[in-house]
Amino acid sequence: MARNAKIWAHSGDSHFIEPDDLWTQILPKDLAARMPWTELVEDGRMERIHVDGEVYHFPVPKIAQKRDDGRPSIVELSGRPPGARDLHARLADLDREGIWGEVVYSSIGIWEGMIQDRELIRRAAAAENEWKVREVQGIGRDRLVAVASLPMRDVSDAVAEARHAAEIGMYAVGLPTPALPNSRNFDDKVPPLNSDYWEPLWAALEELNLVGAFHIGGDASEHTMYSGPGGAILNYTNSTYSGQRAAMVLTACGALDRHPNLKVLISEGGAAWVPFLADRMEEGYRQHAMFVKPKLSRSPKEILYSQVYCSFQHEASAIPTLKEGYRNVMFGSDYPHLEGTYGHTQETLHELFDGQPADVTQRITQGSFKELFPHVSSPPALN
Ligand code: MN
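Residues numbered from 1 in each chain as written. Predicted model: local features only at pLDDT ≥ 70, side-chain atom pairs only at ≥ 80, totals over all residues. Heavy atoms only, no water.

Student: Sorry if this is basic, but what is going on with the coordination of the manganese ion here?
Tutor: Each pair of donors in an ideal four-coordinate tetrahedral metal site encloses 109.5 degrees, whereas pairs in an ideal six-coordinate octahedral site enclose 90 or 180 degrees. Looking at the manganese ion, one finds its protein donor set to be D13 (OD), H15 (NE2), H215 (NE2), E268 (OE) and D334 (OD), positioned 2.1 to 2.2 Å from the metal centre. Read from N- to C-terminus, the donor residues coordinating the manganese ion fall into the pattern D-x1-H-x199-H-x52-E-x65-D. Of this pair, H15 sits in strand 1 (residues 9-15) while D334 sits in the loop between strand 11 (329-331) and helix 13 (345-353), placing them 319 residues apart in sequence. Comparing H15 with D334 shows no difference in burial state: the two are buried. (Donors = N, O, S within 2.8 Å, 3.2 Å for Na, K, Ca; no water. Helix = DSSP H or I, 4+ residues; strand = E, 2+ residues; numbered from the N terminus. Buried < 20%, exposed > 50% of the residue type's maximum accessible area, 1.4 Å probe, protein only.)

Student: Where do I start with the sheet that holds strand 11 in this structure?
Tutor: In any sheet, the strands associate via hydrogen bonds between backbone groups, in a parallel or an antiparallel arrangement. One open sheet holds the eight strands; their spatial order is 1-5-6-7-8-9-10-11, and the pairing between them is parallel. Both outer strands of the open sheet, strand 1 and strand 11, are each paired with one neighbouring strand and no more. Recorded for the sheet is a direction-independent mean angle of 25° between the axes of neighbouring strands. Relative to strand 6 (residues 144-148), strand 5 (residues 99-105) runs parallel, the two sharing three bridges. Looking across to strand 6, one finds that V103 is bridged to V145. Packing against the sheet, helix 12 (residues 300-307) makes contact with strand 9 (264-267) and strand 10 (308-312), and its axis sits at approximately 55° to strand 10. (Pairing = 2+ DSSP bridges. Axes fitted to C-alpha atoms, helices over the stretch in contact; angles between N-to-C directions. Contact = heavy atoms within 4.5 Å.)

Student: Would you take a moment to explain the pairing of strand 6 for this structure?
Tutor: Regular strands have side chains that alternate between both faces of the sheet. With respect to burial, strand 6 is a largely interior element, five of its five residues being buried. The side-chain alternation of strand 6 yields two buried faces, one formed by L144, A146 and A148 and the other by V145 and V147. Bridging between strand 6 and strand 7 (residues 172-175) involves two bridges; their strand directions are parallel. Residue V147 lies in a different strand from strand 7, and its bridge partner there is A172.

Student: Whenever I open this one, the packing of helix 9 (residues 241-252) against helix 11 (residues 273-287) confuses me. Can you help?
Tutor: Each pair of packed helices can be summarised by the angle the axes make with each other and by the distance between the axes. At a minimum axis distance of 11 Å, the contact between helix 9 and helix 11 shows a crossing angle of 40°. Here helix 9 lies oblique to helix 11, going by the angle between them. Judged by the twist between their axes, the crossing of helix 9 over helix 11 is right-handed. Residues G243, Q244, A247, M248, T251 and A252 of helix 9 form the contact with helix 11, whose own contacting residues are W273, L277 and M281. (Parallel < 35°, antiparallel > 145°, perpendicular 65-115°, else oblique. Left-handed = near helix turned anticlockwise from the far one by under 90°.)

Student: What is the right way to read the packing of aromatic side chains from this model?
Tutor: In this description, a pair of aromatic rings is defined by centroid distance and the angle of the planes. Taken as a whole and judged by the stated rule, the model has seven aromatic pairs. Summarising the aromatic geometry, the rings of W8 and W100 are spaced 5.5 Å apart at their centres and angled 85° between planes, so their arrangement reads as edge-to-face. Linking W8 in the segment before strand 1 with W100 in strand 5, this pair joins segments that are 92 residues apart in sequence. When sorted by exposure, W8 lands in the same class as W100, which is buried. When the centroid spacing of 4.9 Å and the interplanar angle of 85° are considered together, the rings of Y197 and W198 count as edge-to-face. For the cation-ring pair, K6 lies above W8, with the distance from its terminal atom to the ring centre recorded as 4.8 Å. The ring of W100 carries the charged tip of R143 above its face, separated from the ring centre by 3.7 Å. (Phe/Tyr/Trp six-rings, centres within 6.5 Å; stacked < 30°, edge-to-face > 60°. Lys NZ or Arg CZ within 6 Å of the ring centre and 35° of its normal.)

Student: Could you clarify how one ought to interpret empty space enclosed by the protein in this entry?
Tutor: A probe matching the size of a water molecule, rolled over the atoms, marks out where space remains unfilled. Applying the stated rule across the entire model yields one cavity of 30 Å³ or more. Quantified by volume, the largest cavity comes out at close to 30 Å³. If you trace the largest cavity, you find it lined by L94, E97, I99, S333, Y335, T341, Y342 and T345. (1 Å grid on protein atoms, 1.4 Å probe; cavity = no way out; pocket = protein on both sides within 12 Å on 5 of 7 lines; lining within 4 Å. Points joined across faces, edges and corners; volume = space filled by probe spheres on them.)

Student: Looking at this model, I keep getting lost on the nonpolar core. Mind explaining?
Tutor: One broad rule of soluble globular proteins: the nonpolar side chains tend to lie buried together. Membership of the largest hydrophobic core comes to 88 residues, with the highest contact counts inside it found for L27, W198, L201, W202, L205, I266 and V308. A total of seven residues in this core trace back to one element, the largest contributor, which is helix 5 (residues 118-136). Beyond its immediate chain neighbours, meaning those up to four positions away, L201 contacts L150, M152, V155, A158, V159 and L175. V145, V147, V211 and F373 belong to the second-largest nonpolar core, a separate cluster that totals 14 residues. (Core = buried A, V, L, I, M, F, W, Y, C linked by side-chain atoms within 4.5 Å.)

Student: What is the right way to read helix 13 from this model?
Tutor: Burial analysis of helix 13 places seven of its nine residues in the buried class, the great majority of the element. Contact partners of the buried residues in helix 13: strand 1, helix 4 (87-97), strand 5, strand 10, strand 11 and helix 14 (358-372).

Student: Help me understand the layout of surface pockets, please; the structure alone is not making it clear to me.
Tutor: Its volume calculated, the second largest pocket comes out at about 280 Å³. Those elements that place two or more of their residues in the lining of the second largest pocket are helix 9 and helix 11. In terms of residues, the lining of the second largest pocket owes the most to one element, helix 11, which gives four residues. Looking at the lining of the second largest pocket, its residues break down into nine nonpolar, three polar and three charged. (Nonpolar A, V, L, I, M, F, W, Y, C, P; charged D, E, K, R; others polar.)

Student: Explanation requested: unusual backbone geometry in the structure shown.
Tutor: The phi torsion of most residues other than glycine is negative, and most of the peptide bonds are trans. Along the chain, K293 connects to P294 via a cis peptide bond; the corresponding omega equals 5°. With an omega of 0°, the peptide bond running from Y335 to P336 counts as cis. Along the chain, P336 turns up in the loop between strand 11 and helix 13. At D52, a position not held by glycine, the phi torsion is positive, near 45°. Assignment of secondary structure puts D52 in the loop between strand 3 (46-51) and strand 4 (54-59). Here the phi dihedral of D334 falls at roughly 55°; this positive angle occurs in a residue that is not glycine.

Quick look at the structure:
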């Protein structure tokens, strides 16, 4: 690959920012008023999140607060690409950056998991998914894969909405990363993901060819778990473990084993951890065999390596994992967020892939993504 040639990549991790009036556009007024919205209070030091009559407060990290020196805050930086809010400007941004296909998550949508009312989330997810097909995927059906919302208060609601999502042309459903049982966000009213309660959902996703998409950082408590020295890096790094737990849970409980055609994507969490986790789970499965149930028909490593896909942004150590035998590694730009590569995507892709064998570059920039979403077209040309 010539140093100045454009490297095209698909992204396993991107976002859109919802319009401020999304809920009133798609839901009756009384329901719309109960959906999540946020405001900055206390002179920008706290974010107040309203969810169906409940109010949650999160301290806004110093770096994200309004600045006195006129330089942009982290929040402004995340919304800076022209296509961050304007979906019609999005494809021009992507073309410039060298991103072709994208898995597109929402933004305010991450708080929907906090809605307790079964009927509210059921109706909101259905309406939102229709909107996403029209307004997000509609911008480029052969390029954008919008992640469907699922009402996870009840398994039969989740299965019904998964069917609806598939019928209207969606290819991936968002799943909540498992919280630690002692974290603030742990919800003991709904069985955890390793429970057999969710078996009908795994069966439905496999049957409908829907990818289960986990995005790290959806557990609000993780963002403020640490304070004091090292806090920023501790919180940032800690948020990635939720993705690893998702892979671990679905492997250990047998969900992926029972449904070998079910594939999951862990977005934004990096990829080099997979071989380590596989070895660790192999060790547990073997050394603690007397305690292990259910027994698996394939080894944990085989299950992880074949059914779990991972996206990373800047992680150079993700590339050699292909040599370890873990091949479901893909690039993710995290557009338009600050953790991502907007504004330096080409620079990052060249840093990562110059000097790499063509098959390695092809696998990570396009091959893994195409395995999950074969309907997405290929970039114009690898020039
Ligand atoms: Mn992301």
